[in-house]
Structures are given as structure tokens and as C-alpha cells.
Amino acid sequence: MSREAFEDLVGEALDTIPPELTARMRNVVIVVEDDAPERGLLGLYQGVPLTERGDWYGGVLPDHISIYRREILRICDTPDDVVAEVRITVVHEIAHHFGIDDDRLHELGY
């Protein structure tokens, strides 16, 4: 799958996030990267979750969500699998921005 087609899938996954949640996303950028820093990593959230921000929070670089194209493509067998995995990964990483940890996300199926 081309990078452009994959980026479109990430955009479509973002469109499925309820507007009341995306309206609350602050100082965050979402990017597609070809290669993950380690095998098996599909996405990565780096930043300060909204639940941990206080009066001190200001003048900081944006939180960064990376979605790793080749790792997702590597684990998927079909185009439908890619669509599903991109959505799961996007939701998972955005949830970290909202302060939801991996244990809870795995309980929820993400």
C-alpha cells in the first residue's frame, strides 16, 4: 500500500473519532512514519496527557503521535485488516493523549 493511501486511512480513522473528543485535543500532531523504532510497534504517543497538564503547562512542543506504516502493513494480511488496524492504532494513541493507559485500552480491545 502506498504511503498516500495509508495516510488517507489514518485521516479516515481520525474522522471516526467523535467531534466532542477531537475538539478537546490540544497541542498534538499526528504523523505517519514509514519505520518504527522497534519491531512490533504500530504507534507511539509522546507527550503530556491532558490528565497530567496543569497551570504549569505552556510553551511546550506539541504532543506527537506516530503511526508506523510498515509495521502495520507487515502484520496485516488483507486491505481490510489494514483499515481495521489503522483505526485501532489511531484510537489507541489518541486515548493516551487523553490519559488512558495501556492496561485499560487492552481491556477495551484497543
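Residues numbered from 1 in each chain as written. Predicted model: local features only at pLDDT ≥ 70, side-chain atom pairs only at ≥ 80, totals over all residues. Heavy atoms only, no water.

Description of the pattern of salt bridges
Two side chains with opposite charge may pair up if their charged atoms get near one another. As a reminder, the rule being used: A pairing counts as a salt bridge when a side-chain nitrogen of Lys or Arg comes within 4 Å of a carboxyl oxygen of Asp or Glu. Helix numbers and strand numbers start at the N terminus; a helix is a DSSP run of H or I with at least 4 residues, a strand a run of E with at least 2. Only protein chains enter the accessibility calculation, which uses a 1.4 Å probe; a residue is then buried when its area is under 20% of its type maximum, exposed when over 50%, and partly exposed in between.
This structure, assessed with the given rule, holds 7 salt bridges. A salt bridge links Arg70 to Asp35; the nearest nitrogen and oxygen atoms lie 2.9 Å apart. A residue pair is termed long-range when its members are at least 10 positions apart, and Arg70 in helix H3 (residues 69-75) and Asp35 in the loop between strand S1 (28-33) and strand S2 (43-46) qualify at 35 residues. Overall, Arg70 belongs to the partly exposed group, its relative accessible area being 41%.

Quick word on the side chain of Arg69
For clarity, the cut-off: Only heavy atoms matter for contacts: two residues are in contact if any of them lie within 4.5 Å across the pair.
Within the secondary structure, Arg69 sits in helix H3. Owing to a relative accessible area of 10%, Arg69 belongs among the buried residues under this scheme. Those residues in contact with Arg69, other than ones at most four positions away along the chain, are Met1, Ser2, Arg3, Phe6, Val32, Glu33 and Asp34.

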